[in-house]
Structure formats: structure tokens, C-alpha cells
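A structural walkthrough
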Protein chains: 2
Amino acid sequence: MSMQELSHDIMQLLEWLGYFGDDPEGGITRLLYSKEWLEAQKALEGWMKQEGFDVYFDEIGNLFGGLQGTKYQDETILTGSHVDTVRNGGLYDGQYGIVAGLLAVKYLKETYGQPLRNLQVVSMAEEEGSRFPYAFWGSKNIVGTAKREEVQNIADFDGIAFVDAMRECGFRFRDESAEIRRDLKAFVEIHIEQGSVLEKEGQSVGVVHSIVGQRRFTIEVNGEANHAGTTPMGYRKDAVQAASAMICDIINRAKQHGDPLVATVGKIEVKPNVVNVVPGHALFTLDVRHTEKSEIIQFTEEITASLKRIAEDMGVELNIDMWMDADPVPMDGRIVEVIERQCKEKGLNYRLMHSGAGHDSQILAELTPTAMIFVPSRDGISHNPAEYTEPHDLAEGVKALIGTLYKLAYQE
Amino acid sequence: MSMQELSHDIMQLLEWLGYFGDDPEGGITRLLYSKEWLEAQKALEGWMKQEGFDVYFDEIGNLFGGLQGTKYQDETILTGSHVDTVRNGGLYDGQYGIVAGLLAVKYLKETYGQPLRNLQVVSMAEEEGSRFPYAFWGSKNIVGTAKREEVQNIADFDGIAFVDAMRECGFRFRDESAEIRRDLKAFVEIHIEQGSVLEKEGQSVGVVHSIVGQRRFTIEVNGEANHAGTTPMGYRKDAVQAASAMICDIINRAKQHGDPLVATVGKIEVKPNVVNVVPGHALFTLDVRHTEKSEIIQFTEEITASLKRIAEDMGVELNIDMWMDADPVPMDGRIVEVIERQCKEKGLNYRLMHSGAGHDSQILAELTPTAMIFVPSRDGISHNPAEYTEPHDLAEGVKALIGTLYKLAYQE
């Protein structure tokens, strides 16, 4: 299989799959349990059947298909990603992981025949949380942590109940008393980076050793609203002034702390938010990520203390609310090593790196040894019709995946 | 007239006038050319007639009433303020200037009879710009700078045309070819401070020597939107980070510059404004005021240069748009002196000060020697039902006004 053929096959399959949910307003909109979503899953089912894969849906709509092992039939090597998209999403996020898995398994079957262990591709039902206020519905059902009561009463923006949308597509809740599958021996997910590290460093493949943990905060500053003309600077308790000082402090400390720590103030809300009133109220969010939990704790404690000092100096009230605290998820060392060796053997231009974004892999890692492969995202853009990865890099990623799956499923 | 009687009369008249536009949702809503507005003007007309004042409306609905001079009948001393309110305004803003004028002229008439010069109270039609997108409609018609074409095509939030609302009340456009009145020899406006300087300094009366000029800007920062997890700190062009640094810089420089300069960032808008995206776009407003034009120019030029440096350092694009540039208005030195001397003679606890807010006086000053008297605003609050001034201070202000009007209208 030449590089050009592989690139061509990947692009063709991506475009074919991207047709389901093709949005007149741009990109792909393929939300969980929508018509487009169901069509995509059925089309994938058809593709896999045609290739002679064993295919089945689980209760909630995760699609599995692949080859049976000749020797270890109670051991399965799994690859794949999520089939759902955000609204007006790109051609690569999620899709690429499925398409890459399909082509890798097809190639392995055509080249080496049956594997020793079962080799499966999964098209997971949902990861983005874009239709219903629930994310990782697909992977959490595989590992058995999704609970019926978490989605029983949720609905989408049009008021359609999760449960009704699921039933309409022909799916149902997992039997929570049934045992979780024990055959999974590895999960390897290939995904676009959704960042610009690989691009900036001029590399084609990332071997992910860790998915960052994150803490999210809402920080509220209460000062005193005053007339912008009649209140001398010395009399003010300006919430925007205090918030700005806090944001500068956070960013400076994050830079000082150094990679891989990132700290983001993504959202600001000011009240009353008019040109001629000294603002009495400001609210901002803080998103802190790192691959080491201890670093997250240390940094956020440092920030908390520092913000308190600033608030005190400026005579404003401070309220810090931490509403997310997710641990980092290290990838499985053995599988990371397998991937890295494949990259070396195949002469790929790769780097070890962490993932700053969340992925199904962080859920699967609870159940089975897991690792990820990244390919570059042009300009770091994702969740956008402008999402793009060079065909050459798409192919390099699939090569790494093929080598890895071969190693895991075909070798002793 | 005892202090207690005066306080009592002021409060009674304020409450009587405040009845017109009493808002079930709180405070007073008495917008230009509304039913409540017309009722208030008619009620004031009635009050003045009953007191034996000569009363008339001008074409657009400014209400004038007062005493004819015995000697200089082509010279008029004018006092008063605006009758309109913001939505859910307080009992004092504007109203107090009218009520104080009425009681002062009534007292002077009862005590000294006819003045040498005409002595008039004006209840000006409009100052706030709260119903239609036009402010100072009352005073600008007195000085002749309001132009028909500026309001010909404007409407309120319900789509009611300015012109229709005016006609409905029985008023019409001023004849722009007619001469502006030449009899005005002085305008003295008494008003609540709408700031907290008098309160904090424990003083009852402010003698205003100047109304600040102001420049308003919208400052736009364009960086690059990026994923909050996958974009290392060093790769970011974070618009919020840059804007925060700029805001800190502005506020610090304003404090360094010192009173009476004030600089306010009242409004911030961030895009996309979500917790997990490094913001690519931030916009904020800047309101700068000072009593000296040269200081405003110097400060805003300093700021502009500094923001450009910050933008360059941070690799973001900067766009600074100045959309308001109003000159400071010095009050008339002779009248300021008269007021100050009255404060001294009457033993009032006063201070010389500037106005950080705009007032009808800045318009009248174009036509006639003008000055203002301030009384304290509790907590600096205005444009709010919680607006409050101690009755004692209300009376002290009226005493200063009585003395000033006596000096200007009754003495050679």
C-alpha cells in the first residue's frame, strides 16, 4: 500500500462519512440520536459488513465491527473513536479515528488474514455533549459508568427527551446489572491533536502519554457600582480593575510555572456593563490543566491565595467556586511503548506528547490499557468547518496505528 | 423661615412632584412627552400660577415662571433644572433643582417683593436622553443649538416617533429662524452631586467651578481563539490576557495622574466567551474625564501609546476608536464667587468642586454666565430609587441658592 493510496482512501472515506450530517450552514452537524447520526452508524455498519467484519450494535448504539481472533478469542484489541460531532464541526474530529480504524483493520485483514486476538473497530455513539448536557455517553456505556438516572430527565434545546431520542433510533438503556465486557485488552484511539504543537514543531505523529487533568472555576468579584464621572479614583471599588489585576496575575503565574500547565480565562461577565458606570460586579472563569494532579493542586492553591491578597488590597469581595476537578489520566506505558517503537520502525516523524483536551480514551482507560495517537491540526483549529489535517499526516497516523494493531493483535 | 420649615417644604414639594410618574416597579419614570411628564409640567404651571408667578411654556415644552423685574426688565436671572427622569429614577435628580428654584423665588417674593431684574424658574423638558436617543433637548432649545433634523426621524423603544410624542403633548418645533433670547444674564442650577465627595468629606454644599470634559473610546483587541487545553501558554495570542494588561495599565496610569482625572473601563465583551476557549477577541470601553482639556489630551495620548506597546508585546491587533470628545465647561467665575460668598456669609459647610457628570448647565453656559450648586448624594447613588439627600442638606443648598438669586436679581 503506497502512501498516496492510503491518503486517498482515508480522504475518500472521511468525505463519504462526512456526507451524513453535511450542514448547509457549514461543516458537519451529527448530533447523538439524530437522523444523520443514525444514517452514519447504519452506513458504517454496511461498510463493515461488506468488508466481512463481524458487526453489532450494543444496546445504546455503539457500533462494533472487526475480525475474530484465531487463538485468543477472549481477548480483544479495540480501536476507534466517536461518530458524533459538535454543531458545524469539522471533517476530522472523531471521524478520523473511526475511518483510520476501518482502513487499518481492512489492511491488516487483507495483508495478514485473521489476527490471533479479536481486532475490533468501534464507532462510539457520543463524546461531545453537544446535543444533550451529557458527554462521553458512548465510552461510559462501554466501561459501565454511564447511569440511566443521569440522562433519564435531560432533553435537548428543542425539548426532546434523551430517552425518546434514543428509543426513536431503536436503542435502549444498557442493562446495568449485566457484567462489563472483560475481553478488552487494549484500546488505541487515533485523533486529531486539536492543538498546534505538532504543526509548529513540524511533526506528523504524536504519541500521547497522558491526558491532562483539569480544574474549572468561576471567580466572582463584587465591588461597588459608581458613577464614572463623579467617583474619584481613590473612592472606587472597581470590580473590573480587580478582575483585570487577577487575570494578569493568573496568566503571569501560569507562564512562570511553565509547560505543560495551561491556565485560561475564557469568559468574562461584567455588571452593569455600561460605558459610564464603574462596574460593581465582574465574573470570570478559569480553566487550569496539567498532566500531574499535584501540579494542578499546587498551582490552583497558589492562585487562590494570590487572588485573595489582590481582593483584599482592592477592597472587593471574592468568591471562588471550583465546579470541575478531573484527574489527569496517564496512558498505558506498555502501549505507549508499542506505538513509539512502531513510529521508530516506520521512520515516522513523531513526538511524545500529552493531550490537553479530553477524549474517549480517558474513559476507556478505566477499563483497559489505553493509549492515543495524534496527527496535526492546521492552526490548531477544531470544532469548526476549517478543521484540517494534511493527507500525508493522516496517512502517517494510520501507519502508526496499523503497526500498533498488528503488534497487539497479531503477535504473541 | 426656619431650617426645619424649609426642609419640610422641600420634602413636601419633592414628594408632590414625584407623584407624577411614580413607578410601580420603583422610583419615578417620567420620560419626555409622556403622560406623566405632561401632568408634571401642568402641575408645576398650576403651582406657579397660584403663587402669582408669570408663567409660560416655550414651543417645545420648557416651562418658565417667575417674577418681573422692577428696573431691568430686559435682564433675567434664571434658575431651575430638568423635569424628566431616567427609568426608575430617584426623587432628587432634576426635580430638586426645580423645587429649590420654586421655593427660593417664593421666599424671595414673600420677603423682598419684586426683584430689580426678572427672576425666573425653568422646568426644562428633557436632559437624560432616556426615552429618545437625544439628550439635553430642553436646554439645547433654550440656547438654540437643538436642531429639528436631529430628532425628526428618531423614535422611542416602542417605535413612537419623537415628533408624534411632542405633538401629542401639544408642543411643536422651535422656530429656528427666530432670535435666541438675549435677556438671560445668569443661570444658576442646583442639583444633587450624584457622587460621594460631599458625603465623604462631610460637607453640605458644593460650589461647582467646572464641569468635566470627557473622551470615550471603544478598544478592540484581536488575538487568536484557541483550544484552552491544547494550546501551550507560549503559543497563545490571548485577547483577554492582553485586554487585562491594558486595563491594569490604564487604571494605574490614571491613579498616578491623580485627581480630578478619572478613567473607567465600564464594559467588556469577550468572544467566544466560553470557559474552554482561549479568547480571540476582547472589546472594552474607556471613559476619561478631567476639568482641563489639555490633561485629557495628554492622558489619552499617553494611554494610546502604552496600549500600542502592550499590543505589540503580546502579538495582538489593537483598534482604538474615540467616539466622544466633549470639552470641559468652566462655570462663570463671577457667579461662582457670588455663590461662594453666600456660603460664607450664611456659614454653610461648603467646598469648591467640579462636576464629574454632565448637566444642563454645560449647555446654558454657551449662552449665559452659569454656575451650579451641589448637595450630597448618599453613597453617591443616583438614577436609582435609592437616591437620597438629607433634608438638612437640601435646605442648606436652597439657602445658598436664595442668597445667590437675591444677590443677582435684587441688587444693583
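Position labels on residues start from 1 in each chain and follow its written sequence. A letter from A marks each chain and a number from 1 marks each ligand, given out in the order of writing. Whole-chain, interface and lining totals are the exception, using all residues; otherwise, since this is a predicted model, local features are given only for residues with pLDDT of at least 70 and side-chain atom pairs are given and counted only at 80 or more. Here the side-chain values reflect all heavy atoms present in the structure, with hydrogen atoms and water set aside.

1. Regarding the overall build of chain A
Test applied: Strands are runs of DSSP state E lasting at least two residues, helices are runs of H or I lasting at least four, and both sets are numbered from the N terminus onward. Atoms counted for the radius of gyration: C-alpha only. Globule rule: 2.2 Å times the number of residues to the power 0.38. Only protein chains enter the accessibility calculation, which uses a 1.4 Å probe; a residue whose area is less than 20% of its type maximum is buried, one above 50% is exposed, and one in between is partly exposed. In this analysis, two residues are considered to be in contact whenever any of their non-hydrogen atoms come within 4.5 Å of each other. The protein chains shown are the only cover counted for residues, whose accessible areas, like all others here, come from Shrake-Rupley with a 1.4 Å probe. As used throughout, the charge tally considers Lys and Arg to be positive and Asp and Glu to be negative, leaving His and the chain termini uncounted. A single reference atom marks each charge: NZ on Lys, CZ on Arg, CG on Asp, CD on Glu.
Assigned secondary structure in chain A consists of 12 helices and 16 strands. Its C-alpha atoms give chain A a radius of gyration of 24 Å, within 12% of the compact-globule value 22 Å for 412 residues. Based on the C-alpha atoms only, the size of chain A along its principal axes is roughly 80 × 50 × 40 Å. Among the 412 residues that make up chain A, the fraction classed as buried is 59%. Look at the contacts in chain A between residues 6 or more apart in sequence, and 79% of them connect residues 24 or more apart. Accessible area of chain A: about 16,000 Å², with a carbon and sulfur share of 45%. Treating the 40 positive side-chain charges of chain A as one cloud and the 64 negative ones as another, the clouds have centres 3 Å apart.

2. Considerations on the pattern of salt bridges
So the rule is basically this: A side-chain nitrogen of Lys or Arg and a carboxyl oxygen of Asp or Glu constitute a salt bridge if their distance falls within 4 Å.
Tallied over the entire structure, the rule returns 38 salt bridges over all chains. Measuring nitrogen to oxygen at the nearest pair gives 2.6 Å for the salt bridge that ties A:D325 to A:K293. Placement of A:D325 in strand β13 (residues 317-326) and of A:K293 in helix α9 (residues 293-314) is noted, with a sequence separation of 32 residues between them. For B:E110, the salt bridge identified is with B:K106, shortest N-O distance 3.3 Å. With B:E110 and B:K106 both in helix α3 (residues 95-112) and 4 residues apart, the pair spans about one turn of that helix. On the basis of relative accessible area, B:K106 is assigned to the partly exposed category, the value being 21%.

3. Quick notes on the side chain of A:D84
Residue and element names in this part refer to chain A. We count it as follows: Definition of a polar contact: a pair of N or O atoms within 3.5 Å, with one able to donate and the other able to accept a hydrogen when the atoms are protein atoms, and with sequence-neighbouring residues admitted only if both atoms are side-chain atoms.
Here D84 shows up in the loop between β3 (72-82) and α3 (95-112). R30 is the oppositely charged side chain nearest to the buried, salt-bridge-free D84, at an N-O distance of 7.6 Å. Of the polar contacts made by the side chain of D84, one reaches the backbone nitrogen of E127; its length is 2.9 Å. There is a polar contact of 3.0 Å between the side chain of D84 and the backbone nitrogen of E128. Discounting residues that sit within four places of it in the chain, D84 has contacts with R30, L32, W37, M124, A125, E126, E127, E128 and G129.

4. Remarks on the interface of chain A and chain B
Inclusion rule: Here's the idea: put two parts together, see how much 1.4 Å probe accessible area each one loses, and the total over both is what we call buried area. Each residue receives one of three labels: charged for Asp, Glu, Lys and Arg, nonpolar for Ala, Val, Leu, Ile, Met, Phe, Trp, Tyr, Cys and Pro, and polar for the others, Gly being one of them.
Listed by partner, the interface residues are 52 residues for chain A and 52 residues for chain B. The junction of chain A with chain B conceals about 4,300 Å² of combined surface from both sides, 58% of it contributed by carbon and sulfur atoms. When the area that chain A buries against chain B is broken down by residue, the three leading residues are A:M233, A:Y235 and A:V275, summing to 17%. Linking chain A with chain B are 0 salt bridges, by the criterion used here. Run the count over chain A and chain B and you get 10 residue pairs in polar contact (both at pLDDT 80 or more). At the level of secondary structure, the elements contributing two or more residues to the side of chain A that touches chain B comprise α7 (197-201), β8 (226-227), α8 (239-257), β9 (262-264), β10 (268-271), β11 (277-278) and β12 (281-290) of chain A. Counting residues per element, the side of chain A that touches chain B draws most heavily on α8(A), at 9 residues. Per-class residue counts for the side of chain A that touches chain B are 24 nonpolar, 16 polar and 12 charged.

5. Digging into unusual backbone geometry
Following A:D259, the chain continues into A:P260 via a peptide bond in cis, with omega recorded as 0°. For A:P260, the location among the structural elements is in the loop between α8 and β9.

6. Quick look at the packing of α3(A) against helix α12 (residues 391-410) of chain A
Residues and elements named next belong to chain A. The condition is simple: Every angle, taken between N-to-C directions, lies between 0 and 180 degrees, and every axis is a line fitted to C-alpha atoms, over only the stretch in contact when it is a helix. Every angle not falling under 35 degrees, over 145, or within 65 to 115 is termed oblique; those three ranges are roughly parallel, roughly antiparallel and roughly perpendicular. The handedness criterion is simple: a crossing whose near helix is rotated anticlockwise from the far helix by less than a right angle is left-handed, and one whose near helix is rotated clockwise is right-handed.
The geometry of α3 relative to α12 is characterised by a closest axis approach of 9 Å and an angle of 55° between their N-to-C directions. Here α12 runs oblique to α3, going by the angle between their axes. Crossing of α3 against α12: the hand is right-handed. Contacts between α3 and α12 pair Y96, A100, G101, A104, V105, Y107, L108, K109 and Y112 from the former with D393, L394, G397, V398, L401, I402, L405, Y406 and Y410 from the latter. Classifying every residue of the contact of α3 with α12 by side-chain character gives 14 nonpolar, 2 polar and 2 charged.

7. Focus on the UniProt feature "domain: Peptidase M20 dimerisation" (unreviewed entry) in chain A
Operational definition: UniProt positions are given in the numbering used here, feature names are shortened, and annotations may be inferred rather than shown by experiment.
Under the UniProt annotation, the feature "domain: Peptidase M20 dimerisation" (unreviewed entry) is placed at residues 213-312 of chain A. Across residues 213-312 of chain A, helical content stands at 39% and strand content at 31%; the span's end C-alpha atoms are separated by 30 Å.

8. So, the relation of the copies chain A and chain B
Just so we agree on the cut-off: Fitting of the copies onto one another was done by least squares over C-alpha atoms, counting residues only where both copies have pLDDT of at least 70.
Between chain A and chain B, which share one sequence, the superposing operator has a rotation angle of 180° and an axial displacement of 0.1 Å; the RMSD is 0.1 Å. One copy is carried onto the other by what is essentially a two-fold rotation axis. Proximity to the rotation axis, assessed at the C-alpha, singles out A:S244 in chain A; its C-alpha lies 2.3 Å from the axis. Comparing interface residues between copies, 100% of those in chain A also sit at the interface in chain B, which points to an isologous, same-surface contact.

9. Topic: the nonpolar core
Residue and element names in this part refer to chain B. Worth spelling out the cut-off: Put simply, a nonpolar core is a bunch of buried Ala, Val, Leu, Ile, Met, Phe, Trp, Tyr and Cys residues held in one set by side-chain atoms that sit within 4.5 Å of each other.
With 87 residues, the main nonpolar core has I10, Y33, Y96 and W137 as its most contacted residues. Looking at which element gives the most residues to this core, the answer is helix α12 (residues 391-410), with 10 residues. Apart from the residues lying within four places of it in its own chain, the contact partners of W137 are L32, Y33, I60, E126, A146, V151, F162, M166 and F173.

10. Focus: the packing of aromatic side chains
Rule in force here: Aromatic pairs are defined between Phe, Tyr and Trp rings, using the six-membered ring for Trp, whenever the two ring centres lie within 6.5 Å; interplanar angles under 30 degrees are classed as stacked, those over 60 as edge-to-face, and all others as tilted. We count a charge as sitting over a ring when the NZ of a lysine or the CZ of an arginine lies within 6 Å of the ring centre and within 35 degrees of the ring normal.
All chains considered together, the criterion is met by 34 aromatic pairs over all chains. Aromatic side chains A:Y134 and A:W137 sit 5.6 Å apart centroid to centroid with 85° between the ring planes, which places their arrangement in the edge-to-face category. Grouping aromatic residues by their ring pairs yields a cluster made of A:Y33, A:W37, A:F57, A:F132, A:Y134, A:W137, A:F162, A:F171 and A:F173. One Lys or Arg, A:K200, reaches over the ring of B:Y235 and ends 4.6 Å from the middle of that ring. For B:R181, the ring lying beneath its charged end belongs to B:F64, and the centroid distance is 5.0 Å.

11. Considering the domain arrangement of chain A
Accessible area lost upon the coming together of the parts serves often as the stated size of an interface. Residue and element names in this part refer to chain A. Definition in use: Each domain's extent was defined by an automatic or database domain assignment.
Under the domain assignment used here, chain A contains domain 1 (3-212 + 328-410) and domain 2 (213-326). Of the residues lining the interface, 7 residues belong to domain 1; the matching set on domain 2 comes to 10 residues. Carbon and sulfur atoms supply 64% of the area that domain 1 and domain 2 bury against each other, a total of about 560 Å² over both sides. For domain 1, the biggest contributors to the area lost against domain 2 are V212, P328 and H354; these three give 77% of the whole. In this assembly, domain 1 and domain 2 are joined by 1 residue pair in polar contact (both at pLDDT 80 or more). For the side of domain 1 that touches domain 2, a count of residues per class yields 4 nonpolar, 3 polar and no charged.

12. Regarding α12(A)
To be explicit about the condition: A helix is expected to span 1.5 Å for every residue after the first.
Under the 1.5 Å per step criterion, the end-to-end length of α12(A) is 27 Å for 20 residues, consistent within 8% with the ideal 28 Å. Counting buried residues along α12(A), 15 of its 20 residues qualify, which places the element largely inside the surrounding structure.

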